[in-house]
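# Chains, contacts and geometry: an overview
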Amino acid sequence: MAKRSTGKRMRMIGRTAGHRVKQLEVKTRTTSGWNRSRLVEVAIEQHQAASTVHSPRSSPSKHSRSPSKHHMHTVEDALDMQHDNNAPSVEPLRLLRKMTQNDYIWEWLPHKEEFMKVLLELEAPPNPRNCIKWTQTGAQLHLGHNRSACHSAPSHANGTGGPAQMNAREWEDFDDVPPNMRRPVGSKYLTVVDVTGVHFIAMHWCQCEAAESLQVQLLRAKLFPATFEKPSTAFTFAVLDDFVRDNLECGTSGMNYYSKLRRVSSGVFPHLVPDRYRELLQVAQQWRLLKLLKWNSFLGREKAPKKGDLGLFCATCLQPGINVDPVEDLDHWRYTRTLVMDGNFKAEHMHDRCPEDQVWLMDGCGYMVTDLEYRAYVKGTPHIAEKSACNNHKAINQANAQWGRLHSTGIGATACARHGCFYPHSVVNFQKGERQLNMDYSLANALSYNMAGINCVLCFYDINCSYMTNLRKRVGNSTFIDIPNSMQIMPGIGIWHVHGHKQECYARHAPLFMQGAGWVDGEIIETLWSLLNVASTSARGMSSPHRQELLDFQMSDCNFMKMICMADSLIRKLTTVKVAADMAKRAFKSLDEALSAKQHETWSYQEQVAFRDRMVDASAMDIFEVQMKKAPTVHAVELELLNNIPPSRVHRGMGSWLARGLRLEEAAITLRIDRHNVGANAPELKRLAFAQRKERLLSERSGFIADSAIYIGLQQELGVDLNPINEGENEILDGSSMSDGYLSDADDPNGSSDETLAADTTDLGGITMLPLPSNLGIDAFHSSNLGHLHDMELRLRIGQANDALNGLRLALVDKAVIFRNVVRHSKSYSMKMRAWDAIHTINGAVRKQATIYKQCRKAMVVLGASAETLTRYQQLQTTDLTITTAVINQNAHAHWASNLPWFWSIDVPTDMESITWMSEFYRTHWLRAKAVRDRWSEEEELLTAEFQWTINFFNH
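Summarised in this report is the structure supplied together with it. Since this is a predicted model, take the numbers as computed values, not measurements.

Once that is clear, we can look at the sheet that holds strand β10 (residues 337-344). Strands sit in the order β14-β13-β10-β15-β16 across an open sheet of five strands; the sheet is mixed. In the strand order of this sheet, the two ends are held by β14 (428-430) and β16 (488-492), each with one partner. Along the sheet, successive strands turn relative to each other by an average axial angle of 25 degrees, direction set aside. As paired elements, β10 and strand β15 (residues 456-460) share four bridges and run parallel to each other. Within β15, the residue paired with L339 across the bridge is C459.

Grouped together as the largest cluster of nonpolar side chains are 50 residues, with contacts concentrated most on L339, M341, L443, L447, Y467, I483 and I489. Counting only elements with at least two residues in this core, the list comes to β10, α9 (371-380), β14, α11 (436-446), β15, α13 (471-476), α17 (566-592) and α27 (916-955). With residues up to four places along the chain from it excluded, the contact list for Y467 reads M341, Q436, M439, D440, L443, Y461 and R474. Counting 42 residues, the second-largest nonpolar core is a separate cluster that includes L119, V198, V244 and A284.

Time to look at helix α19 (residues 634-643). Looking only at α19, the buried set comprises V634, V637, E638 and L641. Down the axis of α19, the sector holding all buried residues measures 100 degrees, keeping them to one side. Facing away from the buried side of α19, by more than 90 degrees, are the exposed residues H635, L639 and N643.

Taken as a whole, this structure holds 24 salt bridges when the rule is applied. The partner of K291 in a salt bridge is D241, and the shortest N-O contact between them spans 3.4 Å. Of this pair, K291 sits in helix α8 (residues 277-295) while D241 sits in helix α6 (residues 237-250), and the two are 50 residues apart along the sequence. Classification of K291 by relative accessible area gives buried; the value is 16%. Connected through shared salt-bridge partners, E607, K930, R933 and D934 make up one network.

Our focus in this paragraph is the side chain of N445. Structurally, the position occupied by N445 is in helix α11. The buried category is assigned to N445, whose relative accessible area is 14%. Side-chain polar atoms of N445 contact the backbone oxygen of Y441, separated by 2.7 Å. With near-sequence residues (within four places) excluded, N445 lies in contact with V369, H425 and S426.

With that settled, consider the packing of aromatic side chains. Throughout the structure, instances matching the rule amount to 24 aromatic pairs. For the pair F224 and W287, a centre-to-centre distance of 6.0 Å together with 85 degrees between the ring planes defines the contact as edge-to-face. Of this pair, F224 sits in strand β8 (residues 223-225) while W287 is found in helix α8, placing the two residues 63 residues apart along the sequence. Residue F224 is classed as buried on the basis of its relative accessible area, which comes to 0%. Summarising the aromatic geometry, the rings of F313 and Y449 are spaced 5.4 Å apart at their centres and angled 75 degrees between planes, so their arrangement reads as edge-to-face. Here Y449 lies in the loop between α11 and β15 and F313 lies in the loop between α8 and β10, a separation of 136 residues in the sequence. In terms of burial, F313 and Y449 fall into one category: buried. An aromatic cluster is built from Y374, Y377, Y441 and F480, whose rings are joined through pairwise contacts. Here the guanidinium or amino end of R474 rests over the ring plane of Y467, the centre of that ring lying 5.0 Å away.

Quick look at a nonpolar patch on the surface now. Taken together, F560, M561 and I564 make up a surface patch of nonpolar side chains, about 270 Å² in accessible area. Secondary-structure assignment places I564 in helix α16 (residues 544-564). Under the relative-accessibility criterion, I564 is labelled partly exposed at 48%.

Right, let's talk about α17 for a bit. Its 27 residues give α17 an end-to-end C-alpha distance of 37 Å, which sits within 8% of 39 Å, the value for a rise of 1.5 Å per residue. Buried within α17 we find M566, S569, L570, V577, A580, A581, A584, F588 and L591.

This paragraph deals with the environment of V932. In this structure, V932 sits in helix α27. What makes V932 partly exposed here is its relative accessible area of 24%. Taking the C-alpha atoms as reference, V932 lies 9.5 Å from G518; in sequence the two are 414 residues apart. Excluding anything up to four places from it in sequence, V932 contacts L512, W519 and A584.

Reading the values: rules and limits
Residues numbered from 1 in each chain as written. Predicted model: local features only at pLDDT ≥ 70, side-chain atom pairs only at ≥ 80, totals over all residues. Heavy atoms only, no water. Pairing = 2+ DSSP bridges. Helix = DSSP H or I, 4+ residues; strand = E, 2+ residues; numbered from the N terminus. Axes fitted to C-alpha atoms, helices over the stretch in contact; angles between N-to-C directions. Core = buried A, V, L, I, M, F, W, Y, C linked by side-chain atoms within 4.5 Å. Buried < 20%, exposed > 50% of the residue type's maximum accessible area, 1.4 Å probe, protein only. Contact = heavy atoms within 4.5 Å. Arc of directions from axis to C-beta. Salt bridge = Lys/Arg side-chain N within 4 Å of Asp/Glu carboxyl O. Polar contact = N/O pair within 3.5 Å; in protein donor to acceptor, adjacent residues only side chain to side chain. Phe/Tyr/Trp six-rings, centres within 6.5 Å; stacked < 30°, edge-to-face > 60°. Lys NZ or Arg CZ within 6 Å of the ring centre and 35° of its normal. Patch = residues over 30% accessible without salt bridge, like charges linked within 9 Å, V, L, I, M, F, W, Y side chains within 5 Å. Areas by Shrake-Rupley, 256 points an atom, 1.4 Å probe, with all protein chains shown as cover. Expected span 1.5 Å × (residues − 1).

Structure representation (structure tokens):
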């Protein structure tokens, strides 16, 4: 494509002996746009350059259309000079590093006090009341003298005066530029960025002897300069406020905001508008700092802000010496500080590209902690991975998660649980995940903020059941953080998260059972993340200082909005409390009036003991749950036997050896039931798998018998079957015992019934004959002083029976559901076939559990179980295995008087004479109703006090 014209720009880059070296940038423009540019180094003799020296006041503008002929060559001359052999050699010169935004910020820091002074002066209305507005190209601005022309300027009429020349070396001259984007000719101008767009304004500086510096003159015109030595770009205060508001409310990034300004300036040619995106980010950093200094009364003060001084805190939370008189009784429950902790994984941060070239304007003065101290703490504190005894929580699983591409995987913060205000100097970065050492640092800093004299704290955290277990130990071993030993921290879990924990965590950590909490949910910090995430996305790729300042400003604005709306919030809460507290009192009164004096005294004492002992033993709060002792499983019994110290002459591991024998017995029963599926015509692979199962079982049996010589001194040759006393009684339930009068198999498309699924009653080579006390007889053990062994097996047999009955209940329920929802609604033959296959599978599970239970009960009889135990674990009858779908449909005809078999209520106590079971439910209901009444009463008292604390805060 043909070349149309060339653009050029020259700048000096160094000197050699007798010459000046300049770099000529040559750009070739075609009909389709600009092509790649070339840089050409040009050496100019010193005597030629000497003629180019002019006085500062008469030097032509850098943007003049007619450059001097003494120092500018054509492109052809430059190219010829580059290849001229007679030209002096040019030594390699080290180019000066281009100034970054951090350099400009360093340059601004010495002028910070001067900027703050001007900002304070501008708070008063101007005199005379006039203003400047940029509306179109061609406007002129006079600085100083109340916006009038300075008569000290030698050439104020034509605009050529001024103490300094504009630094705009990156601007170029274009031949085809829209009129509104053309630079002023014949005068120095300033690139002004305003909400109305980017403008080029001719500037007339005040040049009197007592004139202020250029940056101060710009500030008094409400223009914020981007540089200081030779200002060429300035931002209006209005555009900075507008950008900050957009970033706060809409999450607008700096790039998107400046792109909008370019379109406002020129909707057709936005790419021709000068790019001031980096300058916008730099000036916005300085603007946010000045705003926070002004709002927190640090303008004009010699004392520099300390940790958290630039952050607003809750006006309603009690702060001794600010809104609460320190002489009051701070040990009263009303003076309890309530806070909540949580992590946010949306506030990610990428690695810094230049970590050594950073400027911290307000490190640790806001809500984020001091970076250097925090990094030293993380480096010097080992992370101890603690396994939670509660459910599998996400926060614990992500504690060791690795994200190599991120400098920070999120943030952790602490806020007041009642009003949702962030604590200053308590927000930390996560390096890997939500580790305990990160949250320890946040909590310790929050507990040191205006806490003089406060000794009781309620702390809500999603995983407090695990987090608080070793908090004192971790803090005590650290040299970086400290929590006073006199401070009592009561752990709590938010009402939404507590239902994802184990059942006992509800009574131990729910806010309903925490004295002094009032009526809170402990989840208010979750609502704060949605506000903070608006800006955290745009901060993902920022430098660490810029990100910290942005998040600090966002959290400060969040607390400010909470503060100005606090009165309305307290009024709404108090209105709700008046109604709810009255309802809670009436509900509790109706329950309390039905109690006897003894019950009232006993249950009240239980409540007092629980609240007194909860800090030492959290299980003391279990009285708020129904004390229903679940039937022990075989694993629970085995664990209890392992934890108990065995008596003398008892081998360690004997309980595990007996439990292993019970598992082998169950495996043998399962193998016998599955034998009917492996006939002579079965596939070869199926018969091979069955033979391998049998071989493994025989091998394990041999090992079990070999160990019996250690535990009971039994000597037996391998391969010789035992002769148990109950031989012949280990039969498998046949088809007749599995008949189901309600769920009939008459519609089975396979034409099979449970009778065809009856298992072989043979012993498969004596697999089930194991040397257990129930098989050998207890007389032999009494004679050999091993009587305790049959007691251990009896306990294990009871646990095995409980497991079998539980599995039997689950299988029968599955069978009823499949009959109701699948079998009866099958529309096709294939659907019915699949449904009946599921029924046959469940029938096999029922037979397995029923056979295991019958084996357990026979062993319990042999082991001498008490009559009470045998009454509880009855014989399993054929009718007990019958299930009806009427239990699902309560309105079914003729089933209103149907009763479930006895094993469905195996966990329910049978002491009905003293009505213990109903009394237990009534006691739990009474305690919880009392807790609801007490929390609403506390809330009413706290709200009344918070009204006064808020007034005291603003008066302070």
